[in-house]
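# Observations on the model geometry
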Amino acid sequence: MTVFLVVLQILVALTLIGVVLLQHGKGADMGASFGGGSSQTLFGARGSATFLSRMTAVLATLFFITSLGLAYLSAHPRSLRSVTEIVRPAAPAAPVPQTQPAAPVPQSPSTVPGIPDHKVP
């Protein structure tokens, strides 16, 4: 999530810089009123200023939101650990009752275990 927000913030910042640089200053309006040719713009005489102003406001809002998101994520890090790092306490083993081992049953090599009175050829 952090990588996505960083990439988005960089893209928004670069676009915001471009949009701000495309806007003309306050002094450019005086030159246009004396025949500067601003009526030949793509958006009309005032359309470009309105469009670029709105675009600047939208991009500034997105930049502000991504900045807040990155600040929140850096202040509240998620402690993701890998499976090998997770150490769970071992449950105490139940005591095993002490019993006497059963006496081993002697078996002759000529009998098959589990089948009585059967001779191996």
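Residues numbered from 1 in each chain as written. Predicted model: local features only at pLDDT ≥ 70, side-chain atom pairs only at ≥ 80, totals over all residues. Heavy atoms only, no water.

## So, the nonpolar core
Stated precisely, the cut-off is as follows: Definition used in this section: a nonpolar core is a set of buried Ala, Val, Leu, Ile, Met, Phe, Trp, Tyr and Cys residues joined via side-chain atoms within 4.5 Å. Summary of the burial criterion: residues with accessible area below 20% of their type's maximum are buried, those above 50% are exposed, and those between are partly exposed, where the area comes from a 1.4 Å probe applied to protein chains only. Runs of E in the DSSP output that reach at least two residues are strands. Runs of H or I that reach at least four are helices, and both are numbered from the N terminus.
Counting 5 residues, the largest nonpolar core is built from V12, L16, V19, L52 and L59. Listed by contribution, the elements that provide at least two residues to this core are α1 (2-22) and α3 (47-75). It is α1 that contributes the most residues to this core, 3 residues altogether.

## A look at α1
In an α-helix, one turn spans 3.6 residues; hence positions three or four apart end up facing the same way. Where we set the bar: A helix is expected to reach a length of 1.5 Å times the quantity of its residues less one. Taking the helix axis as origin, the arc is that swept by the directions to the C-beta atoms.
Between its first and last C-alpha atoms α1 spans 30 Å; for 21 residues at 1.5 Å apiece the expected length is 30 Å, and the two agree. Of the positions making up α1, those classed as buried are L5, Q9, V12, L16 and V19. Mapping the buried residues of α1 onto a view down its axis gives an arc of 95°, with all of them on the same face. Counted as exposed and oriented over 90 degrees from the buried face of α1: V3, L11, L14, L21 and L22.

## Overview of the confidence of the model for the protein chain
For clarity, the threshold we go by: Per residue, pLDDT captures the predictor's confidence, and it can take any value from 0 to 100.
This prediction gives the protein chain a mean pLDDT of 75; 54% of its residues lie at or above 70. Mean pLDDT across the secondary structure elements of the protein chain bottoms out at strand β1 (residues 111-112), with 56, and peaks at α1, with 94.

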